[in-house]
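# Structural features, examined
What follows is each chain in one-letter form.
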Amino acid sequence: MPISFRPALIAALFSSVTCLGLSATVGLTQAVAAPASVAGSTRADQQFVKTKAAFLQALWQQDPDMAMAAGKYQDANKLVLPDQASRAAYVSFVDHWLAQLDKVNDEQLSAKEQTDLALIRNYLKGSHWYLTQFREFEWNPTQYNIAGSFDAILNTDFAPKAKRVRVAIQRLQNVPAYYLAAKASIKNPTPEHTRLAIKQSAGAISVLAELEKAAAAEKLDSKDKAALDEGLKNARAAVGDYVQFLEALEKTLDPATARSFRIGKELYEGKFAADIQSSFSAEQAYQRAIKAKEEAHRNMEKLADQLWDKTMGGQAKPADGVKKIAMVIDKLSENHVAAKDLYPEIRRQLPQLEKWIREHDLVSLDLKKPLVVRETPEYQRGVTVASIEAPGIFRPNDKTYYNVTPFDGQPAEQVESTLREYNHWVLQVLNIHEAIPGHYTQLQHANQSPSVIKTLFGNGAMVEGWAVYSERMMLESGYGGNTPEMWLMYYKWNLRAVCNTILDYQVHVLGMTEAEAKDFLVNQAFQTKAESDGKWLRVQYTSVQLTSYFSGYSEILELREQLKKQQGDKFKLKQFHEQFLSYGSAPVGMIKKLMLKDAVK
Ligand code: ZN
Ligand code: ZN
């Protein structure tokens with residue numbers, strides 16, 4: 001990831017934290033200033049639309065990587081140095097625009113513009129907090145990696161290939177300075193992020209090889225050719241030097257005194273407020289998750305009782321409920337695809353999901369937009385099994401990728417463990433979550449939303465919350481046959497979202513140890529060893545993001561039930577979904593306000 005000031009938001013193309021939800025940097029048409037004078041828009045609205053356009057123009061200039069993540073490549077040849085000067089400039093930019101926005105009178109704006117204004121403010125305040133309080137640039141060396149941006153330039157169809165190669169060659173020239181600035185920025189890194197950064201730097205080397213290959217296929221003039229050769233040589237040396245620097249640094253880090261990857265209560269609440277923008281505090285979300293876990297266990301025990309004879313035959317039932325559930329899940333998990341059939345099976349299921357949604361009239365789908373199932377690019381591996389990578393906001397017709405991390409080189413035992421986790425039933429739920437009607441469908445709707453701001457500053461909890469909500473909604477519609485097996489596995493999966501929230505809070509705030517975390521995941525959330533190992537890595541590398549699933553989901557479900565009660569017979573599920581998705585990836589709390597206001601009319 002290039003100079004990420006706010007990784008969560010720039011996540012789209014460059015994310016290393018996907019099912020990243022916020023791999024949702026979204027798409028929209030070229031309308032920079034959201035369609036202005038729609039009927040009913042006020043004079044204040046029209047004025048604010050101009051302010052927004054000016055803000056976005058300034059943002060693209062201030063942050064070419066953010067522009068790229070949004071699909072605007074005009075400054076893609078510039079690699080911004082991640083140094084103190086550019087961070088200070090960013091803080092000034094933020095202060096300037098916060099002051100500009102203070103001049104806007106919220107009260108006179110329509111609801112739609114009020115929410116845009118709130119989102120820009122949230123973004124700016126969050127950026128300020130990230131740069132001045134969270135200061136990840138000092139302690140997280142994975143922030144410095146050129147792979148994502150070069151990959152985007154080489155593989156996004158924003159210009160003819162020859163032009164893109166030249167853009168990459170220009171960008172290449174700043175790579176040595178980029179890594180020098182990185183080295184100068186790092187102070188007291190965590191051992192965990194340092195080791196991950198060393199590993200992920202391999203991705204930078206492979207993207208340079210990809211550039212070399214792409215350039216070989218083009219006719220370059222002698223000047224470009226010289227710049228390429230010199231640039232590649234220097235860039236490779238710079239990456240090598242950065243890796244050596246990190247390796248040497250890592251040896252000096254004493255686990256007892258080095259900065260902990262646990263961010264602690266204060267930063268945790270701050271990050272939760274900046275990223276999740278929930279109506280709850282982090283601690284409240286944590287308490288809710290604990291209640292949800294208990295409820296899931298009660299339902300699962302009933303299902304396990306129903307399935308006992310069928311799965312366990314004459315075996316004696318243990319008195320302990322959790323043990324009983326675990327035994328039935330363990331038995332059912334034997335039903336899974338072979339490793340070689342994972343990709344074909346995912347591809348096979350996607351049209352079935354489309355058909356079901358059409359036949360049951362659940363939500364509208366745009367079948368013209370391509371979704372490509374592929375292996376996760378190397379530089380993004382190491383955090384999640386599956387993710388959706390969507391085109392930037394100004395390039396809505398680009399391909400969306402469904403990334404699945406391949407099993408290359410993994411021991412057979414670990415492969416088997418992962419396959420059992422993504423067994424016959426859970427694989428279906430995964431496809432719902434990542435693709436249809438989860439992330440892929442939500443992003444398609446967001447792309448049609450008439451607010452660049454809502455799409456650009458998409459809210460992670462809304463994005464993940466929708467995907468998690470869509471799982472439940474599909475099962476409620478009968479997808480998967482309404483069998484106790486499907487429901488039991490659904491709860492197991494849903495418990496992941498719930499337990500992600502509990503785990504993240506306990507690890508980062510309450511000091512849960514590795515052994516406690518793995519025991520919790522295996523024995524309370526019924527996860528396999530492979531899954532709990534992966535989750536432990538993820539909770540070390542990220543914070544707060546793991547809570548987005550449950551906090552968004554629980555707010556969406558609450559909203560739906562509230563509207564159902566209010567509207568009685570008039571409530572239409574498809575209409576609820578269409579309206580909910582029509583606001584773009586705005587925080588659920590804001591959508592709730594708009595929908596409830598609308599429902600009163
Ligand atoms: Zn997701
Ligand atoms: Zn097996």
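None of these values were measured; they are calculated from a predicted model.

Let us now look at the coordination of the zinc ion (ligand 2). Within the protein, H336 (NE2), E416 (OE) and E416 (OE) serve as the donor atoms for the zinc ion (ligand 2), at 1.9 to 2.8 Å. Of this pair, H336 sits in the loop between helix 14 (321-332) and helix 15 (342-359) while E416 is found in helix 16 (residues 412-421), placing the two residues 80 residues apart along the sequence. Using a relative accessible area of 35% as the deciding quantity, one classes E416 as partly exposed.

This next bit is on the packing of aromatic side chains. Here the structure, examined in full by the defined rule, presents 26 aromatic pairs. Residues Y179 and Y242 carry aromatic rings whose centres are separated by 5.0 Å and whose planes lie at 40° to one another, so their mutual orientation is tilted. In this pair, Y179 is assigned in helix 9 (residues 175-185) and Y242 in helix 11 (residues 222-252), connecting sequence segments 63 residues apart. Residues Y179 and Y242 agree in their burial class; the two are buried. Here the guanidinium or amino end of R171 rests over the ring plane of F150, the centre of that ring lying 5.9 Å away. Its guanidinium or amino end placed over the ring of Y401, R374 lies 3.7 Å from that ring's centre, counting from NZ or CZ.

This brings us to the nonpolar core. Within the largest apolar cluster, 180 residues are counted, with the highest numbers of intra-cluster contacts made by F55, L59, L124, Y402 and F580. Top contributing element to this core by residue count: helix 21 (residues 484-508), with 15 residues.

Okay, the sheet that holds strand 1 (residues 371-375) next. A sheet is described by the order of its strands in space; here 3 strands give the open sequence 1-3-2, paired in mixed fashion. The sheet is open, and its two borders are formed by strand 1 and strand 2 (386-389), each paired with just one other strand. Ignoring strand direction, the axes of neighbouring strands in this sheet form an average angle of 25°. Strands in contact with helix 15 are strand 1 and strand 3 (400-404); relative to strand 1, the strand with the most contacts, it is inclined by about 170°.

Locating K535 in the fold gives a position in helix 23 (residues 529-541). With residues near it in sequence (within four places) discarded, K535 still touches N500, L503, L521, Q527 and L546.

Moving on to the side chain of R538. Inspection of the secondary structure puts R538 in helix 23. In this structure, R538 is buried with no salt-bridge partner, the nearest side chain bearing the opposite charge being E464 at 6.0 Å. A polar contact is formed between the side chain of R538 and the side chain of Q545, at a distance of 2.8 Å.

Let's shift gears to helix 2 (residues 43-62). Here helix 2 spans 29 Å end to end across 20 residues, near enough to the 28 Å set by a 1.5 Å rise per residue. Here helix 2 has its buried residues at D45, F48, V49, T51, K52, A53, F55, L56, L59 and W60. Residues of helix 2 that are buried sit in contact with helix 3 (64-69), helix 4 (84-102), helix 5 (111-134) and helix 19 (452-456).

Parameters at a glance
Residues numbered from 1 in each chain as written. Chains lettered and ligands numbered in written order. Predicted model: local features only at pLDDT ≥ 70, side-chain atom pairs only at ≥ 80, totals over all residues. Heavy atoms only, no water. Donors = N, O, S within 2.8 Å, 3.2 Å for Na, K, Ca; no water. Helix = DSSP H or I, 4+ residues; strand = E, 2+ residues; numbered from the N terminus. Buried < 20%, exposed > 50% of the residue type's maximum accessible area, 1.4 Å probe, protein only. Phe/Tyr/Trp six-rings, centres within 6.5 Å; stacked < 30°, edge-to-face > 60°. Lys NZ or Arg CZ within 6 Å of the ring centre and 35° of its normal. Core = buried A, V, L, I, M, F, W, Y, C linked by side-chain atoms within 4.5 Å. Pairing = 2+ DSSP bridges. Axes fitted to C-alpha atoms, helices over the stretch in contact; angles between N-to-C directions. Contact = heavy atoms within 4.5 Å. Lys, Arg positive; Asp, Glu negative; His and termini not counted. Salt bridge = Lys/Arg side-chain N within 4 Å of Asp/Glu carboxyl O. Polar contact = N/O pair within 3.5 Å; in protein donor to acceptor, adjacent residues only side chain to side chain. Expected span 1.5 Å × (residues − 1).

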